[in-house]
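# Structure at a glance
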Amino acid sequence: MSDLLNFDRQHVWHPFTPLVGSDDPVLITSAEGVYLTTGDGRKILDAVSSWWVNIHGHANPQLAAAIAKQAGILEHVIFAGFTHEPAIKLSQNLLSILPQNQAKIFFSDNGSTAVEVAIKMAFQYWYNLGVSRKKIIALEGAYHGDTFGAMSVGERGLFTDPFKPYLFETAFIDFPVKDNEEKVLQQFSSIVEREDVAAFIYEPLVQGAGGMRMYTPAFLDTLLSKAKAHNVICIADEVFTGFGRTGKLFASHYCKLAPDIMAVSKGITGGMMPLGVTSCSAQIASAYKTSDFTKTFFHGHSYTGNPLACAVANASFELLMKAECQQRIQHIEAHHRKFKQRIGLHAALQEVRVQGTILALELKTSDGTTYSNDLRKKIYPFFLKRNILLRPLGNVIYILPPYVITTEQLDQVYTAISEFLDSLTD
Ligand SMILES: Cc1ncc(COP(=O)(O)O)c(C=O)c1O
């Protein structure tokens, strides 16, 4: 075991992890349900669904069987000029639950590429029509992924600084909160009225990496209505919010107005295989329906439409659509809300937010900033020592569990959080 870690330390480069000064990673040897088993036999409760992907629990037997079965039939085939049943079936399944206007499915292999495809699809829509619309509007605090297009439409800062000269310009509007909605609408209106906006990209209802910040579907509808009045393509980034995370199958279902393009990933395979999907309306696709070869969408990846990923996504879809799973989602939300009531007035807390299976606790910070590294250094080991995996976002602790988590397991996490909050005010 120490050999493995020694090699890892020397040769493996982990994401978002400094090469100097970081603790050694925890070696995980297996997992089951909400638990990760470590090399030294500990069982760690995965309260963040391993970067928000795992919805049916680890090593889920039905999902594992679906991959194994598909691997024995067809593991992969080039998706240009060829197709296969798992991808066709997945397209049918997705179109049965996405907003009704979605009509075409494009496959890629992670959230960033799903967003990248969405942005390119929107830009080329206008290019194909011969209309000059080049600007994208995004929300301050947004996170859409780590590829260049996705970074360009995301919040600029520490993570994007080295790439600043290479990112395209984006018009950012303030994040909407209760008392600035009028101002945000004004910002948005003055940009879209210039008629040079190609698209508006947004994380519906919840900004994930931005700190689990939440805003209302009513205000999002106001923005969408304004955008649509000016023919601005609306792109919903549901990479994080999709597949039940916010209580409904997609956060867009809370809104009256549907997006033109959607990006999904993370929960789509229950965390079993990397897969990204970008869907679009018939109107978006219509700009590509031409005999002019130069107007083709020239984008693809080696693993586009991978049969193993599609097969396990279909199996995950079946589990997600079961009444039992939908009830679990509602149960988690109800339980989160009870805990919110119980803990809401704790002296260490600034705000507690719940949306579906997401519970976020924003801590007060001494210097008033929202990102405190010192706090993060305290939070992560506090919970890991108690065998709970929680990865705070600055001063925000959040729980976002696999839907199979039991009431007792949730209570165990809440208790640890209460103890942590008490330790801050003792
Ligand atoms: C809203 C949103 N979009 C895109 C991404 C990027 O997804 P991936 O990490 O799979 O590239 C993320 C990842 O957290 C996300 O939360």
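First, a word on what this report is: a plain description of the structure on this page. Every chain begins its residue count from 1, and numbering advances along the sequence as written. Local features in this predicted model are restricted to residues whose pLDDT is 70 or higher, and side-chain atom pairs enter the listing and the counts only when it is 80 or higher, whereas totals over whole chains, interfaces and linings include all residues. Side-chain measures were taken over the full set of non-hydrogen atoms in the model, leaving aside hydrogen atoms and water.

### Some thoughts on the site of the ligand
Where we set the bar: In these notes, residues near a molecule or strand are those with any non-hydrogen atom within 4 Å of it. A 3.5 Å cut-off defines polar contacts: any pair of N or O atoms within that distance qualifies, except that in protein one atom must be a possible hydrogen donor and the other a possible acceptor, and neighbouring residues in sequence count only when both atoms are side-chain atoms. To be clear on the numbers: accessible area is Shrake-Rupley with a 1.4 Å probe, and residue cover counts the displayed protein chains and nothing else. Three classes are used, and their members are as follows: Ala, Val, Leu, Ile, Met, Phe, Trp, Tyr, Cys and Pro are nonpolar, Asp, Glu, Lys and Arg are charged, and the others, Gly among them, are polar.
Taken together, Trp52, Asn110, Gly111, Ser112, Tyr143, His144, Gly145, Glu203, Asp237, Val239, Phe240 and Lys266 make up the full set of residues adjacent to the ligand. Within the side chain of Ser112, an N or O atom sits 2.6 Å from an oxygen atom of the ligand. Here the ligand has 390 Å² of accessible area as a free molecule, and 83% of this is covered by the chains. Here the shell around the ligand is composed, by residue class, of four nonpolar, five polar and three charged.

### Considering empty space enclosed by the protein
For clarity, the cut-off: Definitions used throughout: a 1 Å grid over protein atoms alone; a cavity as a set of points that fits a 1.4 Å probe which cannot get out; a pocket as an open set with protein on both sides within 12 Å along at least five of seven lines; a lining residue as one with an atom within 4 Å of a point. Grid points are joined across faces, edges and corners, and a volume is the space filled by probe spheres set on the points. Only DSSP runs of H or I reaching four residues or more are called helices, and only runs of E reaching two or more are called strands; each is numbered from the N terminus.
Taken as a whole, this structure holds one cavity of 30 Å³ or more when the rule is applied. When its volume is computed, the largest cavity comes out at roughly 40 Å³. Lining the largest cavity are Ile55, Leu90, Leu94, Phe243, Gly267, Ile268, Ala313, Ser316, Phe317 and Leu320. Residue assignment for the lining of the largest cavity shows that the elements contributing at least two residues are helix H4 (85-97) and helix H10 (307-321). When residues of the lining of the largest cavity are assigned to their parent elements, the largest contribution, four residues, is made by H10. Residue composition of the lining of the largest cavity, grouped by class: eight nonpolar, two polar and no charged.

### Points about the pattern of salt bridges
Here is the rule: Salt bridge, as used here: a side-chain nitrogen of Lys or Arg that lies within 4 Å of a carboxyl oxygen of Asp or Glu. Working definition: with a 1.4 Å probe on protein chains only, accessible area under 20% of the residue-type maximum means buried, over 50% means exposed, and in between means partly exposed.
The tally for this structure, following the rule as stated, stands at 11 salt bridges. Linking Glu195 and Arg133 is a salt bridge whose minimum nitrogen-to-oxygen distance equals 3.2 Å. Of this pair, Glu195 sits in the loop between helix H7 (181-192) and strand E7 (197-202) while Arg133 sits in the loop between helix H5 (111-129) and strand E5 (135-139), placing them 62 residues apart in sequence. Judged by its relative accessible area of 7%, Arg133 falls in the buried class. Residue Arg337 is joined to Glu333 by a salt bridge in which the shortest nitrogen-to-oxygen separation is 2.7 Å. Linking Arg337 with Glu333, this pair stays in helix H11 (residues 323-343), spanning four residues, or about one helical turn. Residue Glu333 is classed as buried on the basis of its relative accessible area of 13%. Each of Glu351, Arg353 and Glu362 takes part in a single network of salt bridges with overlapping partners.

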